[in-house]
Amino acid sequence: MSKWVRAHTNIALIKYWGKEDEEFIIPKNNSLSLTLDAFYTDTRVTFDSSLKEDQLILDGEEQDASALKKVSTILDIVRNKAELTDYALVESINYVPTAAGLASSASGLAALAGAANEASELNLSAQELSRLARRGSGSASRSIYGGFVEWEKGINDETSFAHPIDNANWDIGMLFIIVKQAKKEVSSRDGMQRTVTTSPFYAGWLSTLDQDLTDMKLSIAEQNIDKVGAIAERNALKMHATTLGAQPPFTYWTADSMIAMDAVRKLRKENYSVYFTMDAGPNVKVICKQSEMDKIKKALLAYFDEEQIISAKPGPGIQVLEN
Ligand code: 2P0
């Protein structure tokens, strides 16, 4: 039955950066993320025999063929599994502040996997949903679950999926610093592919990941924000270093990103437990204690406007909403 499904976005503390298999989206390495409450997507799928092609309405606006590509990948898998032939209407609402410019592929494709599961009545398990979401966008595999989540890279479609590792019910949160974007970024899909195929630093990145992952899991188990933050920060810096070695070279950092990172380092000197991470864009995410979030936000107002700083707490996994 057609039902609205909600999925929240996640931010990786150990990054996914590079694919072993482009078609099935099998990653080069395990990644580990925190699902957050502040940003989410609601999606409903309706199979309809009168449609001539899949249709995507995002925030009330019909989307073109390029936006439909990842969506139809998931719908085709579901149609195949459920032996359905009808095209689908996909209605989707992104609850991301409009100025934020945050990528919504993780929450969007996870919500779609859940909504397609409801509409097709396939009754997929959470693990199967994670595998399905992965086929749309790698990071979406992690948004099926709440709290801290690890995406096990696996070796093929059957073995590559995420699983929850800690409900994050402790003193941790994230502040999003939304910086102004000067020019269009290299998409994460193109950026990671270019890095894998051309950057001499990519091998170095891969060689330290097992250690970062082991250290991160221990630190989460200890609920040690300083260790979690420090490992996330060093992991993000290594990921971003690989892009500088790519051919042609690129970076997601802007002058404002540097200001944000410097501000975080400065606050750390003032004895706050505060660390940063960055993804395939110029925004900076600040890992800190929930209990210190208001004070840190206030301190960041020396560098950024109020509407550029958004607080987030750990969020839940995928939810089927009451219609
Ligand atoms: C992550 N990113 O782990 C990393 C860190 C960006 C930087 O996952 O090609 O949209 O659809 O699998 O999931 C963004 O990449 O890429 C991402 P595809 P996706 O969150």
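If you're wondering where the values come from, they're calculated on a predicted model, not measured in any experiment.

**Examining the overall build of the protein**
Consideration 1: If you tally the helices and strands in the protein, you get 9 helices and 14 strands.
Consideration 2: For 323 residues, the compact-globule estimate of 2.2 N^0.38 gives 20 Å, and the protein sits close to it at 19 Å.
Consideration 3: Structurally, the protein occupies a C-alpha span of about 60 × 40 × 40 Å along its principal axes.
Consideration 4: Counting only residues that meet the buried cut, the protein has 52% of its 323 residues in that class.
Consideration 5: Of the contacts formed within the protein by residues at least 6 apart in sequence, a portion of 74% connects residues at least 24 apart.
Consideration 6: A distance of 5 Å separates the average location of the 35 positive side-chain charges in the protein from that of its 44 negative side-chain charges.

**Section: the nonpolar core**
Consideration 1: Counting 70 residues, the largest nonpolar core has Trp17, Val45, Leu75, Phe148, Phe176 and Met216 as its most contacted members.
Consideration 2: Counting residues per element, this core draws most heavily on helix H2 (residues 105-120), at 8 residues.
Consideration 3: For this core, the domains that each give at least three residues are domain 1 (4-169) and domain 2 (173-312).
Consideration 4: For Leu75, the residues in contact, after removing those within four places along its chain, are Val45, Phe47, Asp54, Ala88, Val90, Leu112 and Ala116.
Consideration 5: Ala263, Leu267, Cys288 and Ile309 belong to the second largest nonpolar core, which has 19 residues in total.

**Quick word on the packing of aromatic side chains**
Consideration 1: One pass over the structure, following the stated rule, counts 6 aromatic pairs.
Consideration 2: Here Tyr16 and Trp151 contribute two aromatic rings whose centre-to-centre distance is 4.7 Å and whose plane-to-plane angle is 70 degrees, an arrangement assigned as edge-to-face. Of the two residues, Tyr16 is situated in the loop between strand E1 (4-14) and strand E2 (19-21) and Trp151 in strand E8 (residues 148-152); the sequence distance between them amounts to 135 residues. Accessibility classification places Tyr16 together with Trp151 in one group, the buried group.
Consideration 3: Their ring planes at 80 degrees and their centres at 4.7 Å tell us that Phe39 and Phe176 sit as a pair that is edge-to-face. With Phe39 in strand E4 (residues 31-48) and Phe176 in strand E10 (residues 173-177), this residue pair connects regions lying 137 residues apart in the sequence. Summarising the burial analysis for this pair, Phe39 and Phe176 share the class buried.
Consideration 4: An aromatic cluster of three or more residues is present, and its members are Trp17, Phe250 and Tyr252.
Consideration 5: Over the aromatic face of Tyr95 sits the side chain of Arg6, whose NZ or CZ is 6.0 Å from the ring centroid.

**Examining the site of the ligand**
Consideration 1: Taken together, 18 residues lie around the ligand, and Tyr16, Lys19, Ser137, Ser139 and Arg189 are the ones closest in.
Consideration 2: At 2.7 Å from an oxygen atom of the ligand is found a side-chain nitrogen or oxygen belonging to Ser139.
Consideration 3: Between Ser188 and the ligand, the recorded distance is 3.2 Å, taken from a side-chain N or O atom to an oxygen atom.
Consideration 4: Surface burial for the ligand is 94%, taken as the share of its 470 Å² of free accessible area covered by protein chains.
Consideration 5: Top element by residues in the shell around the ligand is helix H4 (residues 188-198). It accounts for 3 residues.
Consideration 6: Looking at the shell around the ligand residue by residue, the class counts come to 6 nonpolar, 6 polar and 6 charged.
Consideration 7: Lining the shell around the ligand are residues from two domains, each supplying at least three of them: domain 1 (4-169) and domain 2 (173-312).

**Some points on helix H9 (residues 293-300)**
Consideration 1: By the burial criterion, the buried members of H9 are Met293, Ile296, Lys297 and Leu300. With its buried residues spanning 100 degrees around the axis, H9 presents them on a single face. Among the exposed residues of H9, those oriented more than 90 degrees off its buried face are Asp294, Lys295 and Lys298.
Consideration 2: The inward-facing, buried residues of H9 contact E10, helix H8 (255-269), strand E11 (274-278), strand E12 (284-288) and strand E13 (309-312).

**Let's talk about the packing of helix H1 (residues 65-82) against helix H3 (residues 126-136)**
For any two helices packed against each other, one specifies the crossing angle of their axes together with the interaxial distance.
Consideration 1: Relative to each other, H1 and H3 sit at 140 degrees, their axes nearing to 7 Å. By the angle class used here, H1 and H3 are oblique. Residue-level inspection shows Lys70, Thr73, Ile74, Ile77 and Val78 of H1 in contact with H3, the latter providing Leu132, Ala133, Arg135 and Gly136.

**Some details on the domain arrangement of the protein**
Consideration 1: Taken domain by domain, the protein consists of domain 1 (4-169) and domain 2 (173-312).
Consideration 2: The straight-line distance from the C-alpha centre of domain 1 to that of domain 2 is 23 Å.
Consideration 3: At the boundary of domain 1 with domain 2, total buried surface from both sides reaches about 2800 Å², with 73% on carbon and sulfur atoms.
Consideration 4: For the pair domain 1 and domain 2, the number of links is 2 salt bridges.
Consideration 5: With a closest N to O distance of 2.9 Å, Lys217 and Glu150 form a salt bridge.

**As for the side chain of Arg131**
Consideration 1: For Arg131, the position within the fold is in helix H3.
Consideration 2: Other than its neighbours up to four places away in sequence, Arg131 contacts Asp157, Glu158, Ser160 and Phe161.

**Things to note about the environment of Ile155**
Consideration 1: Assignment of secondary structure puts Ile155 in the loop between E8 and strand E9 (161-166).
Consideration 2: Look at Ile155 and you get exposed, because its relative accessible area is 74%.
Consideration 3: Between the C-alpha atoms of Ile155 and Leu112, which are 43 residues apart in sequence, the distance is 24 Å.

Conventions we followed
Residues numbered from 1 in each chain as written. Predicted model: local features only at pLDDT ≥ 70, side-chain atom pairs only at ≥ 80, totals over all residues. Heavy atoms only, no water. Helix = DSSP H or I, 4+ residues; strand = E, 2+ residues; numbered from the N terminus. Rg over C-alpha atoms; globule rule 2.2 N^0.38 Å. Buried < 20%, exposed > 50% of the residue type's maximum accessible area, 1.4 Å probe, protein only. Contact = heavy atoms within 4.5 Å. Lys, Arg positive; Asp, Glu negative; His and termini not counted. Charge placed at Lys NZ, Arg CZ, Asp CG, Glu CD. Core = buried A, V, L, I, M, F, W, Y, C linked by side-chain atoms within 4.5 Å. Domains from an automatic or database assignment. Phe/Tyr/Trp six-rings, centres within 6.5 Å; stacked < 30°, edge-to-face > 60°. Lys NZ or Arg CZ within 6 Å of the ring centre and 35° of its normal. Near = heavy atom within 4 Å. Polar contact = N/O pair within 3.5 Å; in protein donor to acceptor, adjacent residues only side chain to side chain. Areas by Shrake-Rupley, 256 points an atom, 1.4 Å probe, with all protein chains shown as cover. Nonpolar A, V, L, I, M, F, W, Y, C, P; charged D, E, K, R; others polar. Arc of directions from axis to C-beta. Axes fitted to C-alpha atoms, helices over the stretch in contact; angles between N-to-C directions. Parallel < 35°, antiparallel > 145°, perpendicular 65-115°, else oblique. Buried area = accessible area lost by both parts, 1.4 Å probe. Salt bridge = Lys/Arg side-chain N within 4 Å of Asp/Glu carboxyl O.

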